[in-house]
Amino acid sequence: MLKKEIQSALNKQVAMEEHASRSYLALALWADEAGFEGAAALFYKQTEEERGHMMKFIKYVLEAGGSPVVSDYGKPLPRPKSFKNLFEIGLEHEKAVTKSIHAIAELAWKEKDMATFNFLQWFIAEQVEEEDSFQTILNKIGLIEEHGGSLYMLDRELAMKVGK
Ligand code: FEO
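All values reported here derive from a predicted model rather than from experimental measurement. (Residues numbered from 1 in each chain as written. Predicted model: local features only at pLDDT ≥ 70, side-chain atom pairs only at ≥ 80, totals over all residues. Heavy atoms only, no water.)

### As for the overall build of the chain
Formally: In this description a helix means any DSSP run of H or I spanning at least four residues, a strand means any run of E spanning at least two, and both kinds are numbered starting from the N terminus. Three labels apply to residues, based on accessible area from a 1.4 Å probe with only protein chains included: buried if under 20% of the type maximum, exposed if over 50%, partly exposed otherwise in between. Whether two residues touch is decided by their heavy atoms; if any such pair falls within 4.5 Å, the residues are in contact. Only the protein chains shown count as cover for residues, with accessible areas throughout obtained via the Shrake-Rupley method and a probe of 1.4 Å.
Broken down by element type, the chain carries 5 helices and 0 strands. Seen in sequence order, the chain has helices and strands lined up from the N terminus as α-α-α-α-α. A burial count over the chain gives 45% of its 164 residues as buried. In the chain, 78% of the contacts between residues at least 6 apart in sequence involve partners at least 24 apart. If you sum the accessible surface of the chain, you get close to 9,000 Å²; carbon and sulfur atoms cover 57% of it.

Here you go:
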């Protein structure tokens with residue numbers, strides 16, 4: 001049986017993942033409207049992934065004998081000011097998710113809830129990948145800014161990355 005404090009933290013994470021899914025959909029729409037086909041495809045894919053994360057948390061809470069709740073985490077992420085800002089927003093958001101997941105892991109450890117601590121290990125590893133994915137794109141934008149090149153070429157590469 002989940003302790004109340006842990007269940008509440010897990011349910012807050014359910015809301016955060018749902019918020020991420022919805023926010024990334026808004027970012028995908030921004031990119032689509034701006035004509036950035038690759039970035040749009042990437043964020044549409046992220047939308048699905050975040051929904052998958054939300055479902056993982058919901059299923060775990062159920063399996064652990066708890067009661068999952070889907071609540072509203074808050075307002076969607078800000079509207080991007082540029083192509084680069086799109087990924088800056090994504091990276092900042094992922095950093096916030098990492099911080100939140102680490103805090104739940106610390107709580108689970110403190111409460112000696114090894115099942116929850118173990119469940120969170122997948123997310124801890126996943127967050128390293130998620131942050132790296134956005135950071136790599138920002139690094140490439142930095143290279144283009146510094147050494148020339150075109151955003152079109154970068155956007156094509158993003159499209160290929162997601163098989164579009
Ligand atoms: Fe569900 Fe991108 O963290």
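### A look at the environment of Ser 67
Along the chain, Ser 67 turns up in the loop between helix 2 (37-63) and helix 3 (83-110). Accessibility expressed as a relative area gives 42% for Ser 67, which makes it partly exposed. Here the alpha-carbon distance between Ser 67 and Asn 85, two residues 18 residues apart in the chain, equals 37 Å. Excluding anything up to four places from it in sequence, Ser 67 contacts Gln 7, Asn 11 and Val 61.

### A short note on the side chain of Thr 98
Rule in force here: We call two N or O atoms a polar contact when they sit within 3.5 Å, provided that within protein one can donate a hydrogen and the other can accept it, with sequence-adjacent residues counted only if both atoms are side-chain atoms.
Tracing the chain through its elements places Thr 98 in helix 3. Assessed through its relative accessible area of 11%, Thr 98 is described here as buried. In this structure the side chain of Thr 98 is engaged in a polar contact, spanning 3.1 Å, whose partner is the side chain of Gln 127. In this view, Thr 98 contacts Gln 127 and Glu 131; residues no more than four positions away in its chain are not counted.

### Some remarks on the environment of Glu 17
Relative to the helices and strands, Glu 17 resides in helix 1 (residues 4-34). Between the C-alpha atoms of Glu 17 and Glu 157, which are 140 residues apart in sequence, the distance is 27 Å. Ignoring any residue separated from it by four or fewer positions in sequence, one finds Glu 17 in contact with Glu 50, His 53, Met 54, Phe 57, Val 97 and Ile 101.

### What about empty space enclosed by the protein?
Selection criterion: Using protein atoms alone on a 1 Å grid, points that fit a 1.4 Å probe yet trap it form a cavity, whereas open point sets bounded by protein on both sides within 12 Å along at least five of seven lines form a pocket; residues with an atom within 4 Å of a point count as lining. Grid points are joined across faces, edges and corners, and a volume is the space filled by probe spheres set on the points. Residues are sorted three ways: Asp, Glu, Lys and Arg are charged, Ala, Val, Leu, Ile, Met, Phe, Trp, Tyr, Cys and Pro are nonpolar, and all the rest, Gly among them, are polar.
Scanning the entire structure with this criterion turns up 1 cavity of 30 Å³ or more. Of the pockets and cavities examined, the largest cavity occupies roughly 30 Å³. In terms of lining, the largest cavity is formed by Thr 136, Ile 137, Lys 140, Glu 157, Leu 158 and Lys 161. If you list the elements that add at least two residues to the lining of the largest cavity, you get helix 4 (114-147) and helix 5 (151-161). Residue composition of the lining of the largest cavity, by class: 2 nonpolar, 1 polar and 3 charged.

### What about the layout of surface pockets?
Taken as a whole, the largest pocket holds about 200 Å³ of empty space. Taken together, Leu 42, Lys 45, Gln 46, Glu 49, Glu 126, Glu 129, Glu 130, Ser 133, Lys 161 and Val 162 form the lining of the largest pocket. Going through the elements one at a time, helix 2 and helix 4 are the ones with two or more residues in the lining of the largest pocket. In terms of residue class, the lining of the largest pocket is made up of 2 nonpolar, 2 polar and 6 charged.

### Some points on the packing of helix 1 against helix 2
For any two helices packed against each other, one specifies the inter-axial angle together with the distance between the axes. We count it as follows: For helices, the axis comes from a line fit to the C-alpha atoms of the stretch in contact; other axes are also lines fit to C-alpha atoms, and the angle between any two N-to-C directions lies between 0 and 180 degrees. By the definition adopted for this analysis, an angle is roughly parallel if under 35 degrees, roughly antiparallel if over 145, roughly perpendicular if from 65 to 115, and oblique otherwise. If you view the pair so one helix is near and one far, a crossing is left-handed when the near helix is turned anticlockwise from the far one by less than a right angle, and right-handed when it is turned clockwise.
Running from amino to carboxyl end, helix 1 crosses helix 2 at an angle of 165°, the nearest separation of the two axes being 8 Å. When the axes of helix 1 and helix 2 are compared, the pair comes out roughly antiparallel. Judged by the twist between their axes, the crossing of helix 1 over helix 2 is left-handed. Looking at the contact of helix 1 with helix 2 residue by residue, the classes come out as 18 nonpolar, 6 polar and 5 charged.

### Details of the nonpolar core
One recurring pattern in soluble globular proteins: nonpolar side chains tend to sit buried together. Applicable threshold: In this text, buried Ala, Val, Leu, Ile, Met, Phe, Trp, Tyr and Cys residues form a nonpolar core when linked through side-chain atoms within 4.5 Å.
Counting 23 residues, the largest nonpolar core has Ala 39, Phe 43, Phe 83, Leu 86 and Phe 87 as the members making the most contacts within it. Going through the elements one at a time, helix 1, helix 2, helix 3, helix 4 and helix 5 are the ones with two or more residues in this core. Aside from chain neighbours lying at most four places away, what touches Phe 43 is Tyr 24, Leu 27, Ala 28, Leu 86, Phe 87 and Phe 134.

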